[in-house]
Amino acid sequence: MELGVSVSDLSFLDHVGNLPAAADPARGQDFKADLERALQGTEWEALVARPGFLRVADAVGGNSGFLARTCLRDPKLLPRIVSGPLDAGFAETLSTFRQRAQQADKLEELMSAARQAKAEAAVRVALADMAGLWPLETVTGNLTTFADTVLQEGLHWLLTKAHAKGDLLEESCATEKSGIVILAMGKYGSGELNYSSDIDFVFFYEPGELRIRENLDEATFMVRLTKDLVKLMQDRTADGYVFRTDLRLRPDPGATPIAVSLPAGIVLALGRRSKMPVIRVFCVSFIELFRSVPLITVLFMAVTMVPLFLPEAINPVKIVQAIIAVCIFSSAYMAETVRGGLQAIPK
């Protein structure tokens, strides 16, 4: 069972007594009137007239403009949610999105499915929060679970489409075997997303793990993959957006690629935690040295100073020297990111 999802058989209408009064009664009344008009002649018309539902509509419309707009965009959303249990309903929201993701033919269809699922998940979570049915850990945990689900399904969909296009030669597009690691950072990493949170993550990949078609650069493929994931999450459409996405927590965002290789950072992070003094001292010295100087200094040393100590017969290409310098510099920051993640794992 996923983080924060529990099971309850009670309809939400059995808990309306716990809802807060409308902070703006006029807006609550307007929302109820708009909803009643929109649902006239539908299967939900009788439910809308019930006192319990009117109490829900008053709390939603009178306390949250965002929730009111979300419910009016799809008038059947609120009655459908409150007529069933919120806990099991949240799990159903995730399941329905997975099914729609598998059926999507275009990225735009996947984006629409994700945004509609986000609207439903946001209303479910907000109602449970307003009525005091879920503790704070469950509220933030379910929002985090939703972000995980969209990213995982989105990555699987993108890999599947890359295979169908011929860019990816793998027979299996399972994310677990792709060599790709999406490391959640900040509130996302700690499972504490709230309604307005950005999601911060770093995209890593293991070079050579995926078989890419000939003449397609692996780094270019991974950068394109990352950009499509960001587009899935944060581009605003008629259905809204899922989560704003921030990649600025990756090591040295102004100088390094969006997708970076993982091995050097892992080796240095493990070496820093090693019980062998020689390895630990070397890794600590390497990390602290390159984290304590600006990138421009490392580039200057690599391009200008290093050639002075090389034999005259060796004349390295300057762009190669610069790439190596950036990789060395970035690996020091990457090592600290990996080490922080390892330390967060309970022993």
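Check the entry above for the structure.
Residues numbered from 1 in each chain as written. Predicted model: local features only at pLDDT ≥ 70, side-chain atom pairs only at ≥ 80, totals over all residues. Heavy atoms only, no water.

Caption draft 1: Region of the structure containing the overall build of the chain. Summing up its helical and strand segments, the chain has 14 helices and four strands in all. If you line up the chain on its principal axes, its C-alpha atoms span 90 × 45 × 35 Å. Within the chain, buried positions represent 45% of all 347 residues. Sequence-distant contacts, at least 24 apart, represent 74% of the contacts inside the chain between residues at least 6 apart. (Helix = DSSP H or I, 4+ residues; strand = E, 2+ residues; numbered from the N terminus. Buried < 20%, exposed > 50% of the residue type's maximum accessible area, 1.4 Å probe, protein only. Contact = heavy atoms within 4.5 Å.)

Caption draft 2: View of a nonpolar patch on the surface. A cluster of nonpolar residues, V317, I319, V320, I323 and I324, forms a patch on the protein surface that exposes about 460 Å² of accessible area. The topology assignment puts I319 in helix α14 (residues 318–344). On the accessibility criterion, I319 (53% relative accessible area) is exposed. (Patch = residues over 30% accessible without salt bridge, like charges linked within 9 Å, V, L, I, M, F, W, Y side chains within 5 Å. Areas by Shrake-Rupley, 256 points an atom, 1.4 Å probe, with all protein chains shown as cover. Salt bridge = Lys/Arg side-chain N within 4 Å of Asp/Glu carboxyl O.)

Caption draft 3: Spotlight on the packing of aromatic side chains. A complete count under the given rule lists four aromatic pairs for this structure. Ring geometry for F90 versus W134: centroids 6.3 Å apart, planes at 85°, classification edge-to-face. Of this pair, F90 sits in helix α6 (residues 86–103) while W134 sits in the loop between α7 (107–130) and α8 (136–165), and the two are 44 residues apart along the sequence. Take F90 and W134: they sit in the same class, and that class is buried. On the basis of an interplanar angle of 45° and a centroid distance of 5.1 Å, the ring pair of F329 and Y333 is categorised as tilted. (Phe/Tyr/Trp six-rings, centres within 6.5 Å; stacked < 30°, edge-to-face > 60°.)

Caption draft 4: View of the pattern of salt bridges. Summed over the entire model, instances satisfying the criterion amount to 13 salt bridges. Salt-bridge contacts for R27 lead to D24; the nearest nitrogen and oxygen are separated by 3.5 Å. Take D24: its relative accessible area is 30%, and that puts it in the partly exposed class. A salt bridge links K76 to E43; its shortest N-O distance comes to 3.9 Å.

Caption draft 5: Here's a closer look at the nonpolar core. V56, L78, L127, F146, I180 and I199 are the most contacted members of the largest nonpolar core, which totals 74 residues. In contact with L127, not counting residues within four places along its chain, are F12, L19, V56, V60, L78, I81, V82 and L86. F286, A325, V326 and F329 belong to the second largest nonpolar core, which has 13 residues in total. (Core = buried A, V, L, I, M, F, W, Y, C linked by side-chain atoms within 4.5 Å.)

Caption draft 6: Geometry of α6. Here α6 is 18 residues long and its end C-alpha atoms lie 25 Å apart, about the 26 Å a rise of 1.5 Å per residue gives. Taken together, the buried positions of α6 are occupied by L86, D87, G89, F90, T93, L94, F97 and A101. Tucked into the core, α6 has its buried residues touching α5 (77–82), α7 and α8. (Expected span 1.5 Å × (residues − 1).)

Caption draft 7: Here's a closer look at the environment of L289. Positionally, L289 belongs in helix α12 (residues 277–291). Taking the C-alpha atoms as reference, L289 lies 13 Å from M301; in sequence the two are 12 residues apart.

Caption draft 8: Looking closely at the side chain of S197. The residue S197 is located in the loop between α9 (186–189) and β2 (199–205) in this model. On the basis of relative accessible area, S197 is assigned to the buried category, the value being 8%. Side chain to side chain, S197 and N194 meet in a polar contact 2.7 Å long. If sequence neighbours within four positions are ignored, S197 has contacts with K187 and F243. (Polar contact = N/O pair within 3.5 Å; in protein donor to acceptor, adjacent residues only side chain to side chain.)

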